[in-house]
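Here are the chains, one letter per residue:
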Amino acid sequence: MKLRGAWGHEAQALAQIHAAAFDHAWSAAEIAQLLDGPGGFALLIETEAPLAFILCRAVAGEAEILTLAVDPAARRRGLARALVEAAAGAARMAGADVMFLEVAHDNLPALGLYEAAGFERAGLRRGYYDRGAAGSADAVVMRLDLGRET
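By convention here, each chain's residues receive numbers from 1 onward along its written sequence. Two thresholds apply to this predicted model, a pLDDT of at least 70 for residue-level local features and 80 or more for giving and counting side-chain atom pairs, whereas whole-chain, interface and lining totals are computed over all residues. Heavy atoms from the whole structure form the basis of all side-chain values; hydrogens and water molecules are not counted.

For the rest of this paragraph, the subject is the overall build of the protein chain. In terms of helices and strands, the protein chain carries four helices and seven strands. Numbering goes from the N terminus for both helices and strands, where a helix is a DSSP run of H or I of at least four residues and a strand is a run of E of at least two. N-terminal to C-terminal, the α/β element order of the protein chain is β-α-α-β-β-β-α-β-α-β-β. Two things to know: the radius of gyration comes from C-alpha atoms, and the globule rule equals 2.2 Å times the number of residues to the power 0.38. Taken against the 2.2 N^0.38 rule, which gives 15 Å for 150 residues, the C-alpha radius of gyration of the protein chain at 15 Å falls within 12% of a compact globule. Seen through its principal axes, the protein chain has C-alpha atoms that stretch 50 × 40 × 30 Å.

Printed below as a string of structure tokens:
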């Protein structure tokens, strides 16, 4: 397996992973726009084909994980943890002191992943995720002090 940076021209491949991982997937255009926007960056894990990616933004001393997607067939192999750790390092190198994310309050595997990576709960956004006919779900806001090295 190889972990590397991902680029805007790879947005379609990232969108395919996102579609396999989520019920409400982001389009290639949405991913490309975020990736090509200010401070946008992505990391990708691949073998012969892409398996997982993380999309982030680092601007003005803060970073945010925008999305993290792992192909369901490649889950439970530590890919998400490797991506989170690598993204934190990349954000630190980009000048961020802190990293944030939002995760659904009932996504227990993701909450466990982020807590194991050192993120702490920092707030709650009520009704943040629209789940259509199922209503909405709250988002837990999480924060990681990047402890930038000087």
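Anyway, onward from the coordinates.
We now examine the side chain of Asp138. Looking at where Asp138 falls in the secondary structure, it is placed in strand β7 (residues 136-145). The class for Asp138 is buried, based on a relative accessible area of 19%. At 3.0 Å, the side chain of Asp138 forms a polar contact with the side chain of Arg126. Two N or O atoms form a polar contact when they lie within 3.5 Å of each other; inside protein one atom must be a possible hydrogen donor and the other a possible acceptor, and for residues adjacent in sequence the pair counts only when both atoms belong to side chains. A distance of 2.8 Å separates the side chain of Asp138 from the backbone nitrogen of Gly127, its partner in a polar contact. Here, two residues are considered to be in contact whenever any of their heavy atoms come within 4.5 Å of each other. Excluding anything up to four places from it in sequence, Asp138 contacts Val103, Ala104, His105, Leu124, Arg125, Arg126, Gly127, Tyr128 and Tyr129. Only protein chains enter the accessibility calculation, which uses a 1.4 Å probe; a residue is then buried when its area is under 20% of its type maximum, exposed when over 50%, and partly exposed in between.

In this section: the pattern of salt bridges. Salt bridges are defined by distance alone: a side-chain nitrogen of Lys or Arg within 4 Å of a carboxyl oxygen of Asp or Glu. As enumerated under the stated definition, the model contains eight salt bridges in all. Between Arg126 and Asp138 there is a salt bridge, with its nearest N and O atoms 3.0 Å apart. Of this pair, Arg126 sits in strand β6 (residues 120-130) while Asp138 sits in strand β7, placing them twelve residues apart in sequence. Judged by its relative accessible area of 66%, Arg126 is exposed. Here the residues in one salt-bridge network are Arg4, Glu10 and Glu46, joined through shared partners.

Here we take up the environment of Gly78. Counting through the fold element by element, Gly78 comes out in the loop between β4 (62-70) and α3 (79-93). A relative accessible area of 43% means that Gly78 is categorised as partly exposed.

Buried within helix α4 (residues 108-116) we find Ala110, Leu111, Leu113 and Tyr114. Each buried residue of α4 lies within a common arc of 160° when the element is viewed along its axis, so the set occupies one face. Of the exposed residues in α4, the ones pointing more than 90 degrees away from its buried face are Leu108 and Pro109. Against β4, α3, β5 (98-104), β6 and β7 lie the buried residues of α4. Just past α4, the residue Gly118 takes up positive phi, approximately 105°. Our arc is simply the arc of the directions from the helix axis toward the C-beta atoms.

Attention shifts here to the packing of aromatic side chains. Stacked, edge-to-face and tilted are the three classes for Phe, Tyr and Trp ring pairs, Trp counted by its six-membered ring, which pair at centre distances within 6.5 Å; planes under 30 degrees apart are stacked, over 60 edge-to-face, the rest tilted. Overall, the coordinates contain two aromatic pairs when judged by the stated rule. Consider the rings of Tyr114 and Phe119, whose centres lie 5.7 Å apart with planes at 70°: the pair is edge-to-face. You can call Phe119 buried: its relative accessible area is 3%. Between Tyr128 and Tyr129 the ring centres are 5.0 Å apart and the planes differ by 90°, which places this aromatic pair in the edge-to-face class. A residue is classified by how much of its surface remains accessible, and Tyr128, at 41% relative accessible area, is partly exposed.

Let us look at the sheet that holds β6. A sheet is described by the order of its strands in space; here seven strands give the open sequence β1-β2-β3-β4-β5-β7-β6, paired in mixed fashion. In this open sheet, the two strands that pair with only one neighbour each are β1 (2-6) and β6. Here the average twist between neighbouring strands, direction ignored, is 25°. For two strands to be treated as a pair, DSSP must find at least two bridges joining them. Sheet topology note: the strand β2 (residues 40-46)/strand β3 (residues 50-59) ladder contains seven bridges and is antiparallel. From the neighbouring strand, Leu43 faces β3, where its bridge partner is Ile54. Where α3 meets the sheet, it contacts β1, β2, β3, β4, β5 and β7, and its direction lies at approximately 145° from that of β2. Packing of α4 onto the sheet brings it into contact with β4, β5, β6 and β7, and relative to β5 it is tilted by some 165°. Working convention: axes come from line fits to C-alpha atoms, limited for helices to the stretch in contact. Angles between N-to-C directions cover 0 to 180 degrees.

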